[in-house]
Amino acid sequence: MTEEEKLKRFNALIEQDEKIEPKDWMPDAYRKTVLRQMTQHAHSEVIGMQPEGNWVLRAPTLRAKKILLAKIQDEGGHGLYLYSAAETLGMDRSEMIQQLHEGKAKYSQIFNYPTLNWADIGAIGWLVDGAAIVNQVSLQRTSYGPYSRAMVRICKEESFHQRQGYEIMATMMNGTEAQKEMAQDAMNRWWWPSLMMFGPSDKDSWHTQESMQWKIKRASNDDLRQKFIDKTVDQAYVIGLTVPDKDLKFNETSKHWEIGAINWDEFWNVVKGNGLCNHKRIAHHIKYHNEGQWVRQAVLAYSEKINAMQSATSL
Amino acid sequence: MTTKEALYNYVLRLADDNLILAQRLAEWCSCGPILEEDLAMTNISLDLLGQAEDFYEYASELNGEKNVDELAFLRSEREYFNHLLVEQPNGDFACSMVRQMLYATYAKHLYEALLKSRDEKLVALATKGLKEVKYHFRHSSEWVIRLGKGTAESNLRAQNAVNELWRYTDDLFEMNATDKVLITQSIGFSLKDIYPLWKAEILHVIDAADLAIPELGNVITGGINGMHTEYLGHILAEMQFL
Ligand SMILES: [Fe+2]
Ligand SMILES: [Fe+2]
Ligand SMILES: [Fe+2]
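Below, the structure is looked at part by part. Just so it is clear, the structure is predicted and the values come from calculations on it, not from any experiment.

**A short note on the overall build of chain B**
Counting its secondary structure elements, chain B contains 10 helices and zero strands. Ordered by position from the N terminus, the helices and strands of chain B form the series α-α-α-α-α-α-α-α-α-α. By the compact-globule yardstick of 18 Å for 242 residues, chain B fits well, its C-alpha radius of gyration being 17 Å. Dimensions of chain B, computed from C-alpha atoms along their principal axes, come out at roughly 55 × 40 × 35 Å. Split into buried and exposed, the 242 residues of chain B put 60% on the buried side. Once local pairs closer than 6 in sequence are excluded, the contacts in chain B between residues at least 24 apart make up 80%. Carbon together with sulfur atoms contributes 51% to the accessible area of chain B, which is approximately 9500 Å² in total. For chain B, the centre of its 22 positive side-chain charges and the centre of its 37 negative side-chain charges are spaced 5 Å apart.

**With respect to the interface of chain B and chain A**
Listed per partner, the contact involves 43 residues of chain B and 38 residues of chain A. Taking both partners together, chain B and chain A bury about 3500 Å²; carbon and sulfur atoms supply 74% of that area. Among the residues of chain B in contact with chain A, L35, L39 and L242 of chain B are the three that bury the most area, contributing 16% of the side total. Scanning the region where chain B abuts chain A turns up two salt bridges. One salt bridge connects E53 of chain B with K66 of chain A, and the closest N-O pair in it is separated by 2.4 Å.

**Notes on the coordination of the iron ion (ligand 2)**
All names here are of chain A. Bound to the iron ion (ligand 2) are the protein donor atoms E45 (OE), E75 (OE), H78 (ND1) and E158 (OE), situated 2.0 to 2.1 Å from the metal. For the iron ion (ligand 2), the four donor atoms in the first shell make angles of 85 to 144° at the metal, so the coordination geometry reads as irregular. One chain supplies every donor to the iron ion (ligand 2), and in sequence these donors are spaced E-x29-E-x2-H-x79-E. Separating the iron ion (ligand 2) from the iron ion (ligand 1) is a gap of 2.9 Å. Placement of the pair is H78 in helix α4 (residues 62-87) and E158 in helix α7 (residues 145-173), with a sequence separation of 80 residues. The same class applies to H78 and to E158, which are both buried.

**Observations concerning the packing of helix α8 (residues 177-196) of chain A against helix α10 (residues 221-238) of chain A**
Residue and element names in this part refer to chain A. Put simply, α8 and α10 touch, their axes get as near as 10 Å, and they point 160° apart. Classified by the angle between their axes, α8 and α10 sit roughly antiparallel to one another. Across the interface between the two elements, M187, W191, S194, L195 and M196 from α8 touch R225, F228, I229, T232, V233 and A236 from α10. In terms of residue class, the contact of α8 with α10 is built from eight nonpolar, two polar and one charged.

What counts, and at which threshold
Residues numbered from 1 in each chain as written. Chains lettered and ligands numbered in written order. Predicted model: local features only at pLDDT ≥ 70, side-chain atom pairs only at ≥ 80, totals over all residues. Heavy atoms only, no water. Helix = DSSP H or I, 4+ residues; strand = E, 2+ residues; numbered from the N terminus. Rg over C-alpha atoms; globule rule 2.2 N^0.38 Å. Buried < 20%, exposed > 50% of the residue type's maximum accessible area, 1.4 Å probe, protein only. Contact = heavy atoms within 4.5 Å. Areas by Shrake-Rupley, 256 points an atom, 1.4 Å probe, with all protein chains shown as cover. Lys, Arg positive; Asp, Glu negative; His and termini not counted. Charge placed at Lys NZ, Arg CZ, Asp CG, Glu CD. Buried area = accessible area lost by both parts, 1.4 Å probe. Salt bridge = Lys/Arg side-chain N within 4 Å of Asp/Glu carboxyl O. Donors = N, O, S within 2.8 Å, 3.2 Å for Na, K, Ca; no water. Tetrahedral: all angles 85-135°; square planar, octahedral: opposite > 155°, others 65-115°. Axes fitted to C-alpha atoms, helices over the stretch in contact; angles between N-to-C directions. Parallel < 35°, antiparallel > 145°, perpendicular 65-115°, else oblique. Nonpolar A, V, L, I, M, F, W, Y, C, P; charged D, E, K, R; others polar.

Below, the structure written as structure tokens:
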């Protein structure tokens, strides 16, 4: 097949909503974009273990500790699953991790915010996982087969996380004055960053066009954000939380909640590295990755010894 | 001490071991040498938390006043009966794995012995716990062997871990008035019965890992009587934060 024919076949697959599989020919730019998005997603799952891990040792009840630990474990599992899915595009995990450490690969900006009180664990589950679900449900229809299948599997667990987070918030809103204050404080701090998780507005997002054409992305940033806002505002009201947006109003004709202006300066400032935790997150990952090196070397040396022994006995 | 009081103390001891070790393992969250192992340690921590919860529930039944979380969180340092081994710091990965192997081997034989207890509830909890600690034993002993036989550095680290932790192993087999009461009632059993089994199994792993048991002049005990190393206080301070 000539390059032209390959491209034609690829475009036809995309056109017919068929999945692109690892063995299929794909344009370089497509491979790069999907790989970038998947590694970024995998890194996000893994870096996200840190802000939540910050409260594992201090969870207030045994049940809460179990739920939180299990949730973090799920997220790590999502990371593993996404790393393997990304490896189908020809890069191995150690290289992805190196890129993360060098700042060449990104992770979700949301994890550069600190978890300051127990309600933050509720807010993350409810808002951050809630936002992630909206995005991931849409990505179940992404054109790259392994990514799409990873999303189907992951979405099931994410909805648990969202419910558990909401339960923490609801419990606190039912509790003492101090607990209510903590919950509202967490809401105030996590609401806007959660909205920013969907990325810049469509008119400012230069990735979107191409990604939509190739069906890597299946809905625009703004549409996904709106979906999240509509389902979340009502949930906030139900438990008595105030949405920290004085311009928030319900549009009776469109039947959508309309929000005030998002402070994109804050977003770009965090992207640039000035969030409260950017430095800590990467430094932590590098530290423990480096500390684990002797373990990885031992694993390698041991398996080489075992292989040598086995081939010696089979002679 | 009545039988019920002894049983309560004993169940708390079992619960505390599980809780404190679970808390230690949870410290590995996002700090593992590879993601797979990060998750494996969280997994063991979750198992132990589940066992702790079960034992606290039983203790709460026996106590009749305090609920599970009050028992788990709201006691002072001198009221925890866990063994000294489980409160020791994680150290490096070798240290955590050796600690896990020493404890899992102990828990395995302990639960096996408890299957013969006259107390039905203890039998049920031991049955449930046994399945899990068998897996923890397999996981940790395989790692100890892998590290012992891996590189010169991993062997040294594993040996240092054994040297460091061995002094806390006698503590696992200490008995007090609680045990006496339960043994006469055929609810508990003498830990002397399982010591040789434990020792033989540990020696087997240590040997397979090209490691050695240290000749130690010192042996430290006290956990079951509420005498602890200074580490426990810090674990509790963090755990009791809220
Ligand atoms: Fe996530
Ligand atoms: Fe996730
Ligand atoms: Fe999640």
